[in-house]
Amino acid sequence: MTDAPIPTTATEGTEPTRASRPLLQQRRGHEFTRILAFGAARGENAVPNDDLVGPIDSSDEWIRQRTGIITRMRAGKDVEAVDLAETAALDAIAKAGLTPDQIGVVLVSTVTHTVATPSMASLLAERIGAAPAAAYDISAACAGYAYGIAQADSFVKSGIADHVLVVGAEKLSDIVDPTDRSISFLLGDGAGAAIVGPSDFPGIAPTIWGSDGSKWDAIGMTSTYNEWEAGAARPTIRQAGQTVFRWAVWEMVKVAREALESAGVQPSDLAAFVPHQANIRIIDEFAKQLGLPESVVIARDITTTGNTSAASIPLATHRLLDEHPDLSGGLALQIGFGAGLVFGAQVVVLP
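### Quick look at the overall build of the chain
Working step 1: A tally of helices and strands in the chain yields nine helices and 14 strands.
Working step 2: The C-alpha atoms of the chain give 22 Å as radius of gyration, which agrees with the globular expectation for 351 residues (20 Å, within 12%).
Working step 3: For the chain, the proportion of its 351 residues judged to be buried stands at 52%.
Working step 4: Excluding contacts between residues fewer than 6 apart, the proportion of contacts in the chain whose partners are at least 24 apart in sequence is 77%.

Here it is in structure tokens:
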């Protein structure tokens, strides 16, 4: 074995000079982006509290006081999360005045796809006629939709795509243990979709996002696939309720304030506040801590839909716009937070 030759001139062994190498072409996208439209799909079965209280030795009154939930929507046995995603996606595309082949990227945030791989996004792209759009899943639980909006914003601005489909889709009833008192009665099924595209004004403010892995086990599955194979019970979801509640109320308010500051707006500038629909007490405490004026409409979709994880913000926004069409064009602060623990927030202009 011989030693490698030592460069004997200033140019030998060095990278090509700028004058000698070709310049790589770059794409330039649109200066501004906004959400063009929303679509929604909820599970078809309304499940009242009384249907769930037996296995957890609780009551309708206890669930209402603790969470604000009266009913939650759950899908039938033969319905999968991708079915809900398809309905919501087609709804959003139609409302945006687009056709599926105009979608350049499909992003699906979910923790309830039926397989680890391939992605739900690639299947959804094929189903709705958006293929060969780039497609991948985001695993960021209840913050996944906010993560998707952040990525869609950057894709349109960088020229990767003109239009991006962002979907939060969950069938959480598939991973519920009916006897679990920590989370089972909270969860519903649904999908919310948004189309992000070019705009002639700033429609999506900078995203504030991050994670806190020190609380990685605060929300998660009861066992791994390997443990299940070795004889453990089927994995279901559970949470350390008090840990999550304190983190959401005290730490996420700081993130919400930072998102407002990053957008250059005050709470009084908002038309709506759309937090992740985790718990009505968290939502109300949020509003109090942020000092939101009475003029700000607060999303409380959790009362009749339940907690739908990644789908909750787009579903709640879809309902707000249906019930309050005058909010169109106003500013909304949206913030997602959940398992990881992860979080994401941004101010957006409502379509």
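Now that the structure is up, let's keep going.
### Examining the packing of aromatic side chains
Working step 1: Overall, the coordinates contain five aromatic pairs when judged by the stated rule.
Working step 2: Ring geometry for Trp62 against Phe185: centres 5.4 Å apart, planes inclined by 70°, an arrangement best described as edge-to-face. Pair noted here: Trp62 is in helix H1 (residues 60-67) and Phe185 is in the loop between strand S6 (164-171) and strand S7 (189-199), with a separation of 123 residues, a long-range link.
Working step 3: Look at Trp247 and Phe337: their rings are 6.4 Å apart centre to centre, the planes differ by 70°, and that puts the pair in the edge-to-face class. Note that Trp247 is positioned in helix H6 (residues 241-263) and Phe337 in strand S13 (residues 331-338), a separation of 90 residues in sequence.
Working step 4: Overall, Trp247 belongs to the buried group, its relative accessible area being 5%.
Working step 5: Ring pairing ties together the aromatic residues Trp247, Phe273, Phe286 and Phe337, which thus form one cluster.
Working step 6: Above the face of the Trp62 ring, Arg181 is positioned so that its terminal group lies 4.9 Å from the ring centre.

Definitions and cut-offs
- Residues numbered from 1 in each chain as written.
- Predicted model: local features only at pLDDT ≥ 70, side-chain atom pairs only at ≥ 80, totals over all residues.
- Heavy atoms only, no water.
- Helix = DSSP H or I, 4+ residues; strand = E, 2+ residues; numbered from the N terminus.
- Rg over C-alpha atoms; globule rule 2.2 N^0.38 Å.
- Buried < 20%, exposed > 50% of the residue type's maximum accessible area, 1.4 Å probe, protein only.
- Contact = heavy atoms within 4.5 Å.
- Phe/Tyr/Trp six-rings, centres within 6.5 Å; stacked < 30°, edge-to-face > 60°.
- Lys NZ or Arg CZ within 6 Å of the ring centre and 35° of its normal.

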